[in-house]
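Here is how the chains run, residue by residue.
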2 protein chains.
Amino acid sequence: MADTLKDLEGAQQDTRVPLGEILAAVRFNGDGLIPAIAQQHDSGEVLMMAWMNREALEETLTTGRVCYWSRSRGKLWRKGESSGQQQHLRTASLDCDGDTLLLQVEQTGPACHTGRRSCFYIALEGNAARIVSEPLIDPDILYHRPSGGA
Amino acid sequence: MADTLKDLEGAQQDTRVPLGEILAAVRFNGDGLIPAIAQQHDSGEVLMMAWMNREALEETLTTGRVCYWSRSRGKLWRKGESSGQQQHLRTASLDCDGDTLLLQVEQTGPACHTGRRSCFYIALEGNAARIVSEPLIDPDILYHRPSGGA
């Protein structure tokens, strides 16, 4: 772990350090990515988890509009650019060992590509998995696809 | 994505499928791991993110006591086995594409090895990072180390 983070482990509340020192201590994985958890800032609902590279993180902090790295598309993914369902950043936090981000966001409409508010809708209960929510909106409408299309 | 999960995208609330089908569709990464977000079930506070392999996930679902895979130690990590600060599972959920878990837990005391309730205590704000919480307990006490020891 970077010494910067180790040095902060015992730090008192409201201790401040220059942002650049922390950004330099962020531990991206071998692919240059860090997981980012998005949580609705007021309800506390965990909406999704996606990945950021350094550019996505810096853009998010600068613009206040959440930008991830799409591993499937291999490019920056400004959340909502296809669906219109943007995420606006309230607070970003780094964890103790610098390898995970928590984003408090204001999510417009559904966060999930299925049209559900949250991506975490498959509850593992006893001997069964149960779907705990329904789409708020048909994803074909969300992504402007012909009805019934792929 | 496994067809099982694709087939559930439009499923109505309370649709049930056998747990085994979902567990077979979980997408572990190249190292056989999946990220698991731990959230305090009642307050909504996101406490930490750690990793599970299949064995850790199955043990957690069976025993109700959260078990991760420690990447640094290369072994199963029953949360609280050193610190006494256990996590008891309320609900586990899988996300839409099967590559992230959300655990609703009852966390005893601090979740973080620094003695803080949550691992996400470094807020990235404007030009500075700010420590937003203090240890609830000295980690030397938590881990029964000689005071001032490493």
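Residues numbered from 1 in each chain as written. Chains lettered and ligands numbered in written order. Predicted model: local features only at pLDDT ≥ 70, side-chain atom pairs only at ≥ 80, totals over all residues. Heavy atoms only, no water.

Engineer: Which parts of the structure should I look at to understand the pairing of strand β7 (residues 101–107) of chain B?
Structural biologist: In regular strands, side chains alternate between the two faces of the sheet. Residue and element names in this part refer to chain B. Among the seven residues of β7, five are classified as buried, and the element is accordingly described as predominantly covered. Strand direction decides the pairing type here: strand β2 (residues 34–40) and β7, joined by five bridges, are parallel. Along β7, the bridge assignment pairs Gln40 with Val105. Strand direction decides the pairing type here: strand β6 (residues 87–94) and β7, joined by seven bridges, are antiparallel. Each bridged residue has a counterpart across the sheet, and for Leu89 the counterpart in β7 is Val105. With antiparallel pairing between neighbouring strands as the criterion, β6 and β7 make up a hairpin whose turn holds six residues, including Gly98 at a positive phi of roughly 75 degrees. (Buried < 20%, exposed > 50% of the residue type's maximum accessible area, 1.4 Å probe, protein only. Helix = DSSP H or I, 4+ residues; strand = E, 2+ residues; numbered from the N terminus. Pairing = 2+ DSSP bridges.)

Engineer: When you look at the UniProt feature "binding site: Mg(2+)" (unreviewed entry) in chain A in this model, what are you seeing that I'm missing?
Structural biologist: The sites that UniProt annotates as "binding site: Mg(2+)" (unreviewed entry) are Asp95, Asp97 and Asp99 of chain A. Examined against the element boundaries, Asp95 of chain A turns out to sit in the loop between β6 (87–94) and β7 (101–107). Look at Asp95 of chain A and you get buried, because its relative accessible area is 3%. Ignoring anything within four residues of it in the chain, the contact list for Asp95 of chain A reads Thr100 of chain A together with Cys119, Phe120 and Ile122 of chain B. In this structure, Asp99 of chain A sits in the loop between β6 and β7. Classification of Asp99 of chain A as buried rests on a relative accessible area of 13%. Filtering out sequence-adjacent residues up to four positions away, Asp99 of chain A remains in contact with Arg27, Ile34 and Pro35 of chain A together with Arg71 of chain B. (UniProt positions renumbered as here; feature names shortened; annotations may be inferred. Contact = heavy atoms within 4.5 Å.)

Engineer: Quick question: what am I supposed to make of the side chain of Gln87 of chain B here?
Structural biologist: Residues and elements named next belong to chain B. Relative to the elements of secondary structure, Gln87 occurs in strand β6. Looking at Gln87, the relative accessible area reads 0%, which means it is buried. Reaching out from Gln87, the side chain makes a polar contact with the side chain of Tyr68 at a distance of 2.7 Å. A distance of 2.8 Å separates the side chain of Gln87 from the side chain of Gln107, its partner in a polar contact. With near-sequence residues (within four places) excluded, Gln87 lies in contact with Ala38, Leu47, Met48, Gly64, Arg65, Val66, Tyr68, Lys79, Val105, Glu106, Gln107 and Ala111. (Polar contact = N/O pair within 3.5 Å; in protein donor to acceptor, adjacent residues only side chain to side chain.)

Engineer: Before we go on, may I ask you to explain the relation of the copies chain A and chain B in this structure?
Structural biologist: For these two chain copies, the linking operation is a rotation about an axis paired with a shift along it. Note on the identical chains: chain A maps onto chain B by a rotation of 180 degrees and an axial translation of 0.0 Å, with an RMSD of 0.0 Å. Classification of the inter-copy transformation places it as that of a two-fold axis. Taking C-alpha positions as the reference, the residue of chain A nearest the rotation axis is Gly44 of chain A, at 2.5 Å. Of the interface residues in chain A, 100% have counterparts in chain B that sit at the interface too, so the contact is made through matching surfaces. (Least-squares fit on C-alpha atoms with pLDDT ≥ 70 in both.)

Engineer: So what exactly am I meant to see when it comes to the interface of chain A and chain B here?
Structural biologist: By a widely used convention, the size of an interface equals the accessible area lost when the partners come together. Counting residues at the interface gives 54 residues for chain A, matched by 54 residues for chain B. Our enumeration of links across chain A and chain B arrives at four salt bridges. Notably, a salt bridge pairs Arg130 of chain A with Asp14 of chain B, separated by 2.5 Å at the nearest N-O pair. Across the chain A-chain B interface, the total number found is 30 residue pairs in polar contact (both at pLDDT 80 or more). Elements represented by at least two residues in the side of chain A that touches chain B include exactly β1 (16–18), α2 (19–25), β2 (34–40), β3 (46–52), β6, β7, β8 (122–125) and β9 (128–131) of chain A. Where β6 of chain A and strand β8 (residues 122–125) of chain B come together, three bridges link them in antiparallel fashion. Looking at the pairing, Ala92 of chain A lines up with Leu124 of chain B of β8 of chain B. (Salt bridge = Lys/Arg side-chain N within 4 Å of Asp/Glu carboxyl O.)

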